[in-house]
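Read off the chains here:
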Amino acid sequence: QVQLVESGGGLVQAGGSLRLSCAASGRTFSSYAMGWFRQAPGKDREFVAAVSWSNGITYYADSVKGRFTISRDNAKNLVYLQMNSLKPEDTAVYYCAARGSYTMATTTANYDYWGQGTQVTVSS
């Protein structure tokens, strides 16, 4: 069992930065690959970024490459999403997800646990 709670969302201006955090409860956090997804109003949930158990392998959606960075601290049971150069189209509810595997995945169906989400709003 693992529970995820996101935090760090808020309102920022275009070009600004924001760091999201995901706190995980559970004794096997380090065994899970972690991912971030987002969902804008009226749209499907989409993949943003993922990181393997070792924090050495990452993958990003084309829309956020070069701007977002995913990382994790297994000792603290935390995963982060550093978001720079934010754009209005980044506005969405951001969700942290955990997969019961050491490897990464980019689809929602491959993730076993989800947080409640945190709102990110980028003004123009």
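Here the structure is shown first, and the text comes after it.
Residues numbered from 1 in each chain as written. Predicted model: local features only at pLDDT ≥ 70, side-chain atom pairs only at ≥ 80, totals over all residues. Heavy atoms only, no water.

## A short note on the overall build of the chain
No. 1: What the chain contains, in helices and strands, is 0 helices and 11 strands.
No. 2: Its C-alpha atoms give the chain a radius of gyration of 13 Å, near enough to 14 Å, the size a compact globule of 124 residues would have.
No. 3: Taking the principal axes of the C-alpha coordinates as reference, the chain spans close to 40 × 25 × 25 Å.
No. 4: Taking all 124 residues of the chain together, the buried fraction comes to 41%.
No. 5: Taken as a whole, the chain presents about 6300 Å² of accessible surface, with 46% of it coming from carbon and sulfur.
No. 6: Across the chain, 11 positive and 8 negative side-chain charges occur, with their mean positions spaced 5 Å apart. (Helix = DSSP H or I, 4+ residues; strand = E, 2+ residues; numbered from the N terminus. Rg over C-alpha atoms; globule rule 2.2 N^0.38 Å. Buried < 20%, exposed > 50% of the residue type's maximum accessible area, 1.4 Å probe, protein only. Areas by Shrake-Rupley, 256 points an atom, 1.4 Å probe, with all protein chains shown as cover. Lys, Arg positive; Asp, Glu negative; His and termini not counted. Charge placed at Lys NZ, Arg CZ, Asp CG, Glu CD.)

## Describing the pattern of salt bridges
No. 1: For the structure shown, the criterion picks out 4 salt bridges.
No. 2: The salt bridge partner of Asp-90 is Arg-38, with a shortest N-O separation of 2.9 Å. Here the residue Asp-90 occupies a position in the loop between strand 8 (78–83) and strand 9 (92–99), and Arg-38 occupies one in strand 4 (residues 33–39), the gap between them amounting to 52 residues.
No. 3: A relative accessible area of 6% means that Arg-38 is categorised as buried.
No. 4: Asp-90 is paired through a salt bridge with Arg-67; the nearest N and O atoms lie 2.7 Å apart. In this pair, Asp-90 is assigned in the loop between strand 8 and strand 9 and Arg-67 in the loop between strand 6 (58–60) and strand 7 (68–73), connecting sequence segments 23 residues apart.
No. 5: For Asp-90, a relative accessible area of 0% corresponds to the buried category. (Salt bridge = Lys/Arg side-chain N within 4 Å of Asp/Glu carboxyl O.)

## Describing the state of the cysteines
No. 1: A complete count under the given rule lists 1 disulfide for this structure.
No. 2: Through a disulfide, Cys-22 is tied to Cys-96; the S-S separation comes to 2.2 Å. Judged by the sign of its S-S torsion, about -80°, the cystine formed by Cys-22 and Cys-96 is left-handed. In this pair, Cys-22 sits in strand 3 (residues 18–25) while Cys-96 sits in strand 9, placing the two residues 74 residues apart along the sequence. Summarising the burial analysis for this pair, Cys-22 and Cys-96 share the class buried. (Disulfide = S-S within 2.5 Å.)

By themselves, these observations are geometric and do not establish any function.
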